[in-house]
Amino acid sequence: MGTTKDTIEFYELEKVKFIVKDACGIDIAYAYEDLVFSEHGLFIIQFQSNSKELGCWFNKECIETSKVTMFNSLAKSATLNGMEMKYIGKFKMTQKEGKDEIDIQFRELR
């Protein structure tokens, strides 16, 4: 019987909260595993395998000029705090019919 090695990932959630607040003036609404959801569902920050890298997904409904402005602010604040922010793509969030659950579909840039 083989052994499995469970590892626990520790993410710098407090630093990401600071970066989001500093860059956009908004708070974090929810964090789940490696995903950090901004207030109002504007964007999702995803921790990457390199502990100093963050990926950023924007809601597909976000206005392009607002997205660019927010991302530039997030990237600048991340850099000032010893991290790197990369734009990964867009996401779509829909509520499942008749349920208190949401479905998230990610569309990665290629």
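Report on the accompanying structure. In this text the structure is predicted, and so the values were computed from the model without any measurement.

A closer look at the sheet that holds strand β3 (residues 43–47)
The strands making up a sheet associate through backbone hydrogen bonding, with each pair oriented either parallel or antiparallel.
Part 1: The strand order across the open sheet built from 6 strands is β1-β2-β3-β4-β5-β6, with neighbouring strands paired in mixed fashion. The strands lining the two open edges of the sheet, one partner per strand, are β1 (28–32) and β6 (102–108). Here the average twist between neighbouring strands, direction ignored, is 30°.
Part 2: When strand β2 (residues 35–38) meets β3, the two strands line up antiparallel, connected through 3 bridges. Opposite V36, over in β3, you have I45 as the bridge partner.
Part 3: Sitting on the sheet, helix α1 (residues 13–24) is in contact with β1, β2, β3, β4 (53–59) and β5 (84–95), with an inclination near 145° to β3.
Part 4: Of the strands in this sheet, β3, β4 and β5 touch helix α2 (residues 64–80), which is tilted by about 135° from β5.

Structural notes on the pattern of salt bridges
Part 1: Scanning all chains against the criterion turns up 7 salt bridges.
Part 2: In this structure, K15 and E12 form a salt bridge, with 3.5 Å as the shortest nitrogen-oxygen distance.
Part 3: Residue classification places K15 among the partly exposed residues on the basis of a relative accessible area of 23%.
Part 4: Residue E12 is classed as partly exposed on the basis of its relative accessible area of 29%.
Part 5: Linking K96 and E101 is a salt bridge whose minimum nitrogen-to-oxygen distance equals 3.5 Å.
Part 6: Assessed through its relative accessible area of 34%, K96 is described here as partly exposed.
Part 7: Residues participating in the shared-partner salt-bridge network are E12, K15 and K52.

What counts, and at which threshold
- Residues numbered from 1 in each chain as written.
- Predicted model: local features only at pLDDT ≥ 70, side-chain atom pairs only at ≥ 80, totals over all residues.
- Heavy atoms only, no water.
- Pairing = 2+ DSSP bridges.
- Helix = DSSP H or I, 4+ residues; strand = E, 2+ residues; numbered from the N terminus.
- Axes fitted to C-alpha atoms, helices over the stretch in contact; angles between N-to-C directions.
- Contact = heavy atoms within 4.5 Å.
- Salt bridge = Lys/Arg side-chain N within 4 Å of Asp/Glu carboxyl O.
- Buried < 20%, exposed > 50% of the residue type's maximum accessible area, 1.4 Å probe, protein only.

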